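Next come the chains, spelled out residue by residue.
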Amino acid sequence: MRMSYRCILIESRERVALITLNRPEALNALSDELMDELGTAIAEFDGDDGIGCLVITGSDKAFAAGADIKELQAQNFFDVFRRDFPSAAGWSAARRARKPIIAAVAGYALGGGCELAMACDLIIAADTARFGQPEITIGTMPGAGGTQRLARAVGKSKAMELCLTGRLMDAAEAERAGLVSRVVPAAELLAEAQQTAATIASHSLPITMMIKEAVNEAFETGLREGLQLERRLFQSTFATEDHKEGMAAFVAKRAPKFKHR
Ligand code: CO8
């Protein structure tokens, strides 16, 4: 496990990994270096048997203020086309991770920052959170899933408005629109996210992974294929020891002791 990074901080406690974006001088703008480090950390925690759930967070002021504009400023079309930006390790690692990832968002989650939060499996927001895709105001557009995931999360009209005007959404509006699962007081954000992660990590890991896969499939396929996958995964849970243990524990009125966590 790589222990030292320049742009992120990592720690883990009781099966929950915490990754903190840490470029305060740039409001956690997602530089190539940060995204590479994030990709490494996600992949390592995802492959770590001692971890059941990941939390990604930023600072009180910013989850992340987007792509690093200072880094992108000098690049031309062929520069970004050639390296297929943004295809940095961080984006693919977040997509490939089999364990749930919670985004704990306080302050700005803008542009690539909003896209990173949406690439996670669920978002818990502080009441200070502000979400938006303001790329239009600097002459570009979302490029890491913003138009697609925002439209799926909040519907066409609001996604269009946010992407076309660059308007920011506060936490209450984001919750009403279905972008975030919950809004909590800023002072409690990390504790709430870690508690949620601990609850997730306390369950059977194979079943948790199946549920994550099935819910994500809802955004990839039509209803018929999604229902089919869900049914097959549901049936697969019957092949696990944790399924037997979970049901036996319920019937015996005791807490389950899952083997695979
Ligand atoms: N990139 C680089 N530096 C940034 C960024 C950024 N996105 N955001 C803030 N900073 C820097 C500022 O330049 C400033 O640095 P310095 O102190 O050296 O001047 C420092 O962070 C503090 O920022 P501000 O002084 O601007 O702080 P304010 O509180 O006045 O304003 C805002 C905060 C409103 C968040 C403001 O900083 C802002 O508008 N930032 C840019 C937001 C934005 O447009 N984001 C979209 C970027 S484009 C994008 O994300 C495309 C996605 C494509 C794929 C993603 C790939 C990773």
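Each value, and the rule that gives it
- Residues numbered from 1 in each chain as written.
- Predicted model: local features only at pLDDT ≥ 70, side-chain atom pairs only at ≥ 80, totals over all residues.
- Heavy atoms only, no water.
- Near = heavy atom within 4 Å.
- Polar contact = N/O pair within 3.5 Å; in protein donor to acceptor, adjacent residues only side chain to side chain.
- Areas by Shrake-Rupley, 256 points an atom, 1.4 Å probe, with all protein chains shown as cover.
- Helix = DSSP H or I, 4+ residues; strand = E, 2+ residues; numbered from the N terminus.
- Nonpolar A, V, L, I, M, F, W, Y, C, P; charged D, E, K, R; others polar.
- Buried < 20%, exposed > 50% of the residue type's maximum accessible area, 1.4 Å probe, protein only.
- Axes fitted to C-alpha atoms, helices over the stretch in contact; angles between N-to-C directions.
- Parallel < 35°, antiparallel > 145°, perpendicular 65-115°, else oblique.
- Left-handed = near helix turned anticlockwise from the far one by under 90°.
- Contact = heavy atoms within 4.5 Å.
- Salt bridge = Lys/Arg side-chain N within 4 Å of Asp/Glu carboxyl O.
- Lys, Arg positive; Asp, Glu negative; His and termini not counted.
- Domains from an automatic or database assignment.
- Buried area = accessible area lost by both parts, 1.4 Å probe.
- Pairing = 2+ DSSP bridges.
- Arc of directions from axis to C-beta.

Caption draft 1: Highlighting the site of the ligand. Close to the ligand lie 25 residues; Lys61, Ala65, Ala67, Ile69 and Gly112 are nearest. Between the ligand and Ala65, the relevant distance is 3.0 Å, taken from a nitrogen atom to a main-chain nitrogen or oxygen of the residue. The backbone of Ala67 places a nitrogen or oxygen atom 2.8 Å from a nitrogen atom of the ligand. For the ligand, the protein covers 68% of the area, taking 1100 Å² as the surface of the free molecule. Breaking the shell around the ligand down by element, the ones donating at least two residues are helix H2 (69-72), strand S6 (108-110) and helix H5 (112-119). The residue inventory of the shell around the ligand, partitioned by class, reads 15 nonpolar, 4 polar and 6 charged.

Caption draft 2: A look at the environment of Gly90. Along the chain, Gly90 turns up in helix H4 (residues 89-96). Taking the relative accessible area as the measure of exposure, Gly90 reaches 0% and is therefore buried. As for Gly90 and Leu38, which are separated by 52 residues in sequence, their C-alpha atoms are 5.1 Å apart.

Caption draft 3: Here's a closer look at the packing of H5 against helix H6 (residues 146-154). Axis separation between H5 and H6 bottoms out at 10 Å; the angle between their running directions is 60 degrees. Taken together, the axes of H5 and H6 lie oblique to each other. The interaxial crossing formed by H5 with H6 has left-handed handedness. On H6, the residues that touch Glu115, Met118 and Ala119 of H5 are Gly146, Arg149 and Leu150. Class assignment for the residues of the contact of H5 with H6 results in 3 nonpolar, 1 polar and 2 charged.

Caption draft 4: Quick peek at the pattern of salt bridges. Applying the stated criterion across every chain yields a total of 13 salt bridges. We note a salt bridge from Arg82 to Asp79, for which the minimum N-O separation is 3.8 Å. With a gap of 3 residues between them, Arg82 and Asp79 both fall in helix H3 (residues 77-82), about one helical turn apart. A salt bridge links Glu245 to Arg254; its shortest N-O distance comes to 2.8 Å. The exposure class assigned to Glu245 is buried, which follows from its relative accessible area of 17%. One connected set of salt bridges, linked through shared partners, spans Lys158, Glu161, Arg167 and Glu173.

Caption draft 5: Focus on the side chain of Glu135. Residue position: Glu135 is located in the loop between strand S8 (130-132) and H6. This buried residue, Glu135, is left without a salt bridge; Arg149 holds the nearest opposite charge, at 11 Å. Here Gln133 takes part through its side chain, which lies 3.1 Å from a polar atom of the side chain of Glu135. Beyond its immediate sequence surroundings of up to four residues, Glu135 is in contact with Gly111, Gly112, Glu115, Thr140, Met141 and Pro142.

Caption draft 6: Layout of the domain arrangement of the protein chain. By domain assignment, the protein chain separates into domain 1 (8-202) and domain 2 (205-252). For domain 1 versus domain 2, the distance between C-alpha centres works out to 26 Å. Opposite the 8 residues of domain 1 that make contact, domain 2 presents 7 residues. Together, Arg98, Asp121 and Arg152 form the three largest contributors to the area buried by domain 1 at its contact with domain 2, with a combined 57%. Here domain 1 and domain 2 share 2 salt bridges between them. Here Lys212 and Asp121 are joined by a salt bridge, their closest N and O atoms 2.8 Å apart. Class assignment of the residues belonging to the side of domain 1 that touches domain 2 gives a composition of 3 nonpolar, 1 polar and 4 charged.

Caption draft 7: Representation of the sheet that holds S6 in the model. Strands sit in the order S4-S6-S8-S9 across an open sheet of 4 strands; the sheet is mixed. Strands at the two margins of the open sheet, each flanked by one partner only, are strand S4 (62-64) and strand S9 (169-170). Here 2 bridges tie S8 to S9, and the two strands are oriented antiparallel to one another. By the bridge assignment for S9, Phe131 is matched with Met169. Where H5 meets the sheet, its contacts fall on S4, S6 and S8, and the angle it forms with S6 comes to roughly 90 degrees.

Caption draft 8: Local environment of helix H7 (residues 156-165). Of the positions making up H7, those classed as buried are Ala159, Leu162 and Cys163. An end-on view of H7 places all buried positions within 90 degrees of arc, on one side of the element. Summarising the geometry of H7, the exposed residues directed more than 90 degrees from the buried face are Ser157 and Leu164. Structurally, H7 contributes buried residues whose contacts are with H6 and S9. The positive-phi residue at the C-terminal boundary of H7 is Gly166, with phi of around 80 degrees.

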